[in-house]
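Structural overview
Listed here are the chains, written in short residue letters.
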Amino acid sequence: MVLVIKMEIVIDLRSDTVTKPTEEMLQAIAQAPLGDDCSGEDPTVNHLEALAADKLGKEAGLLVPSGTMGNLVSVLTHTRHGDEVIMESECHIYYYEAGNISAIAGVIPRFVKGHNGVLDPDDIKDAVRERDLHYPPTTLITMENTHNRGGGTVTSVELCNAVCDIAKERGLGTHLDGARIFNAGLALGVEVKEIAEPFDSVMFCLSKGLSAPVGSVIVGSSDFIERARKYRKMLGGGMRQAGIIAAAGIVALETMIDRLEEDHVNARYLGEGLALIPGIHIELETVETNLVYFDVGNLGFNSISFRNELQKYHVEVTLRPPTGIRMVTHRHISRENISYVLGVIEEIAKRCIKNRKL
Ligand code: TLP
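Residues numbered from 1 in each chain as written. Predicted model: local features only at pLDDT ≥ 70, side-chain atom pairs only at ≥ 80, totals over all residues. Heavy atoms only, no water.

As for the site of the ligand
What counts is decided by this rule: Here, proximity means that at least one heavy atom of the residue falls within 4 Å of the molecule or strand. Residues adjacent in sequence count toward polar contacts only when both atoms are side-chain atoms; beyond that, a polar contact is any pair of N or O atoms within 3.5 Å, and within protein one must be able to donate a hydrogen and the other to accept it. Computed with a 1.4 Å probe, the accessible areas rest on the Shrake-Rupley method; for each residue, only the protein chains presented here act as cover. Cavity: a set of points on a 1 Å grid over the protein atoms alone where a 1.4 Å probe fits but cannot get out. Pocket: an open set with protein on both sides within 12 Å along at least five of seven lines, its lining residues, like those of a cavity, having an atom within 4 Å of a point. If over half the atoms of a molecule are within 2 Å of the grid points of a cavity or pocket, the molecule is regarded as sitting in it. Only runs of H or I of at least four residues qualify as helices and only runs of E of at least two qualify as strands under DSSP, and these elements are numbered from the N terminus. By the convention adopted, Pro, Cys, Tyr, Trp, Phe, Met, Ile, Leu, Val and Ala count as nonpolar, Lys, Arg, Asp and Glu as charged, and the other residues, Gly among them, as polar.
Taken together, 15 residues surround the ligand, and among them Ser 15, Gly 67, Thr 68, Asp 177 and Arg 180 come closest. Here a nitrogen atom of the ligand sits 2.7 Å away from a polar atom, N or O, in the side chain of Asp 177. Interatomic distance of 2.9 Å between a side-chain N/O atom of Arg 326 and an oxygen atom of the ligand. Relative to its free-state accessible area of 510 Å², the ligand is covered by the protein chains to the extent of 82%. With respect to the detected pockets, the ligand is housed in the second largest pocket. Here the shell around the ligand gets three residues from one element, more than from any other, and that element is helix α3 (residues 67-78). For the shell around the ligand, a count of residues per class yields two nonpolar, seven polar and six charged.

So, the pattern of salt bridges
Note the following rule: Salt bridge, as used here: a side-chain nitrogen of Lys or Arg that lies within 4 Å of a carboxyl oxygen of Asp or Glu. Exposure classes here rest on a 1.4 Å probe applied to the protein chains alone. A residue is buried below 20% of its type maximum, exposed above 50%, and partly exposed in between.
Within this structure, the stated rule accounts for 16 salt bridges. Ionic pairing is found between Asp 37 and Arg 232, a salt bridge with its closest N-O pair at 3.4 Å. Taken together, the residues Asp 37 in the loop between α1 (23-31) and α2 (43-56) and Arg 232 in helix α10 (residues 222-234) connect sequence positions 195 residues apart. A relative accessible area of 2% places Asp 37 in the buried class. For the salt bridge of Glu 130 with Arg 170, the shortest nitrogen-to-oxygen distance reads 3.2 Å. Residue Glu 130 is located in the loop between α6 (121-127) and β5 (138-144), and its partner Arg 170 is located in the loop between α7 (157-169) and β6 (173-177); the two are separated by 40 residues in the primary sequence. Exposure remark for Arg 170: the relative accessible area of 30% places this residue in the partly exposed category. Through salt bridges with shared partners, one network takes in Glu 309, Lys 312, Glu 347 and Arg 351.

All quantities given are derived from atomic positions and should not be read as evidence of function.
Here you go:
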């Protein structure tokens with residue numbers, strides 16, 4: 001029997017985006033030298049952009065308010081209205097960015113289905129169209145690493161290289177949605193530079209597991225970033241004394257990367273625990289980083305009714321309708337929290353199975 005912990009505290013597994021800035025970030029924000037970034041005069045933003053570019057092995061960086069804007073600015077910079085962009089069919093750019101690439105960039109997506117989000121280069125080869133009067137010109141391939149809807153899965157450096165080689169042969173640009181690229185680097189045991197190397201542009205987020213309150217960075221060649229800067233301005237993403245955002249981002253890059261490993265260990269503990277609960281379906285091989293997806297349909301729940309049940313125990317999750325649930329581990333989630341959550345789910349599942357037998 002799980003005790004409902006008497007607490008106002010909620011175990012918030014909705015996303016790693018819920019992480020709050022660290023004390024060191026708050027101090028850095030308070031002390032950051034500032035200037036007008038729209039004139040390139042904010043020293044803290046300039047420092048962050050150079051640091052990000054260096055970490056990812058690119059010439060230049062560009063701070064943007066969000067990952068969504070970072071992906072959109074990148075797509076705008078790579079393409080023209082009417083172009084076709086090849087992407088994995090469950091990717092974040094298509095699923096969760098409000099259709100912006102079509103509504104604003106005017107491009108159409110061409111989907112290639114991956115295996116848990118991981119693309120097969122042969123499928124990409126087949127998807128690139130020949131130039132033909134009837135076809136929209138294919139100009140860009142995007143990838144996502146780690147892959148969110150795939151389960152936080154990682155794509156190896158070899159596969160990234162293979163896809164980008166095809167793009168180069170066919171004269172296409174490449175963009176990586178690397179919102180969680182540091183999770184991918186740790187899971188693969190490689191420097192993020194190696195993952196980023198074959199791509200023309202990479203976007204990564206400071207505001208997820210790295211705990212900064214706001215911000216993402218696009219990196220690429222100096223020429224690409226100069227053109228991207230114009231699109232950022234066009235979208236209203238030019239910020240003035242943005243050093244208060246960048247200051248936290250610098251602390252994120254300097255101090256918060258290695259601890260992501262703890263989130264991976266906790267996610268694995270959670271996934272393995274869920275796999276032992278009768279009625280829960282989980283594909284454990286997808287639990288490679290800090291995201292855990294599982295299915296509750298066999299227990300007679302849908303995503304919403306299961307979430308409602310968890311809320312009674314002060315546990316928050318995100319939905320993957322019709323019967324899926326996502327839990328994300330992060331800096332504010334301890335191993336003890338996970339043990340508690342597993343106990344809660346075990347109790348719900350037992351009750352459910354017992355009631356069905358009656
Ligand atoms: N993902 C969020 C939600 O939008 C679903 C989350 O909680 O996981 N690329 C990937 C792979 C992402 O997971 C996200 C955010 C983004 C881009 C967009 O970043 P933001 O939220 O900063 O616009």
